[in-house]
Amino acid sequence: MSEQTAQTGAPVHDPQSVTTPEGLAYRVDAVGRPVGLPVDGWTPREPPRPQTLTGRYCRLEAWDAERHAEALTAVLLAGTADEVEIRWTYLFNRPAETAEVVAWLDGLAATPGTWPMVLVVTDGGRDAVEGTATFMRTDVAHGAVEVGSIVYSAALQRSRAATEAMWLMARHAVLDLGYRRYEWKCDALNAPSRAAAARLGFTFEGIFRNAVVYKGRNRDTAWFAMTDDDVRALAPAYEAWLGPANFDADGVQRASLSRLTAAALGRG
């Protein structure tokens, strides 16, 4: 067993392993039954407790109502009525004022296994609160955690800072804390969220039908995930995409993240 395996809990390489048609590795046990590969040295993970994660273009901070509420409310409720409605269409709530934003994020923070983060854009010398994302549904026993409750300002959408924030969270959960599974879930009708998950390197795993009732309507939930092996494979792709050399003088990307992540995962 390698040191890396002991730290991350990745399945141990087994020369007797084979794969299912879906690509799932297994071995045959002493009585001829297929079983999963051993995970040597596994111990429960530490929770992704609030801490600052710093990148080239942004910083993620633990939600603090006193420091963040007014600035966050201003950007998340900015725009025309239709623009604001679109921003919140697939979220479980639709705050209309600062007190409701605070109640939403304080409620998340009070939920076991849930840690809301605030995204601060530092690119170009700014220090601007522009969005939020949350570690949630944390399963320390089995090493799984979800990223969710993602809401961005109009300026943050499709930006380098937004992409970097998602990588900072994935990298922290998997490479720093040793989680084996990093999840993304959304309304199956939320095409932008599904496209974002694919671009970021998550693998689509299926749809849970009639999974949730929210805002008085049904939600079929699309599930995506990265494994620890996926995150390690994706690291060079993110480093290449986020590097200054990947953008011209006008800020236009030279190589798309979709192409880099697909290549890293062997998707052609």
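Preceding block: the structure.
Peer 1: Help me get a handle on the overall build of the protein, residues and values and all.
Peer 2: If you tally the helices and strands in the protein, you get 8 helices and 11 strands. The C-alpha atoms of the protein give a radius of gyration of 20 Å, which matches the 18 Å a tight globule of 268 residues would have. C-alpha atoms of the protein, sized along the principal axes, occupy 65 × 45 × 30 Å. Within the protein, the fraction of its 268 residues that count as buried is 45%. Counting only carbon and sulfur atoms, one obtains 53% of the accessible surface of the protein, whose full area is about 13700 Å².

Peer 1: Before we move on, could you go through the packing of helix α6 (residues 191–200) against helix α8 (residues 257–264) and cite the residues and values that matter?
Peer 2: Remark: α6 packs on α8, axes separated minimally by 7 Å, with the N-to-C direction vectors making an angle of 55 degrees. By the angle class used here, α6 and α8 are oblique. On α8, the residues touching A198, R199 and L200 of α6 are L257, S258 and T261. Looking at side-chain class alone, the contact of α6 with α8 contains 3 nonpolar, 2 polar and 1 charged residues.

Peer 1: An account of the side chain of R59 is requested, with residue identities and associated values reported.
Peer 2: Its location among the elements puts R59 in strand β5 (residues 58–62). On the basis of relative accessible area, R59 is assigned to the buried category, the value being 18%. Once residues within four sequence positions are removed from consideration, R59 is found in contact with T52, L53, T54, V118, L119, V120, T122 and D127.

Peer 1: Give me the packing of aromatic side chains: which residues, what numbers.
Peer 2: All told, the structure shown has 8 aromatic pairs when counted by the stated rule. Summarising the aromatic geometry, the rings of W88 and W104 are spaced 5.3 Å apart at their centres and angled 75 degrees between planes, so their arrangement reads as edge-to-face. One end of the pair, W88, is in helix α3 (residues 81–88); the other, W104, is in helix α4 (residues 98–109), with 16 residues separating them in the sequence. Note on accessibility: W88 and W104 belong to one class, buried.

Peer 1: Would you mind going over the sheet that holds strand β11 (residues 217–227) in detail, with residue names and values included?
Peer 2: Strand order in the open sheet formed by 8 strands is β4-β5-β6-β7-β8-β9-β11-β10, and the pairing between neighbours is mixed. At either margin of the open sheet sits one strand with a lone partner, and together these are β4 (53–54) and β10 (203–214). Note that strand β7 (residues 128–139) and strand β8 (residues 144–152) share 6 bridges and pair antiparallel. Across the sheet, residue G131 finds its bridge partner in β8, namely Y152. Against the sheet, helix α5 (residues 160–176) touches β4, β5, β6 (115–121), β7, β8, β9 (181–187) and β11, its axis set at about 55 degrees to β5.

Peer 1: Report on helix α7 (residues 228–242), specifying residues and quantitative values.
Peer 2: Structurally, the α-helix is built with 3.6 residues per turn, so residues lying three or four positions apart point the same way. Here α7 contains 15 residues, and its C-alpha end-to-end distance of 20 Å stays within 8% of the 21 Å for a straight helix at 1.5 Å per residue. D228, D230, V231, R232, L234, A235, A237, Y238, W241 and L242 are the residues of α7 that are buried.

The rules we used
Residues numbered from 1 in each chain as written. Predicted model: local features only at pLDDT ≥ 70, side-chain atom pairs only at ≥ 80, totals over all residues. Heavy atoms only, no water. Helix = DSSP H or I, 4+ residues; strand = E, 2+ residues; numbered from the N terminus. Rg over C-alpha atoms; globule rule 2.2 N^0.38 Å. Buried < 20%, exposed > 50% of the residue type's maximum accessible area, 1.4 Å probe, protein only. Areas by Shrake-Rupley, 256 points an atom, 1.4 Å probe, with all protein chains shown as cover. Axes fitted to C-alpha atoms, helices over the stretch in contact; angles between N-to-C directions. Parallel < 35°, antiparallel > 145°, perpendicular 65-115°, else oblique. Contact = heavy atoms within 4.5 Å. Nonpolar A, V, L, I, M, F, W, Y, C, P; charged D, E, K, R; others polar. Phe/Tyr/Trp six-rings, centres within 6.5 Å; stacked < 30°, edge-to-face > 60°. Pairing = 2+ DSSP bridges. Expected span 1.5 Å × (residues − 1).

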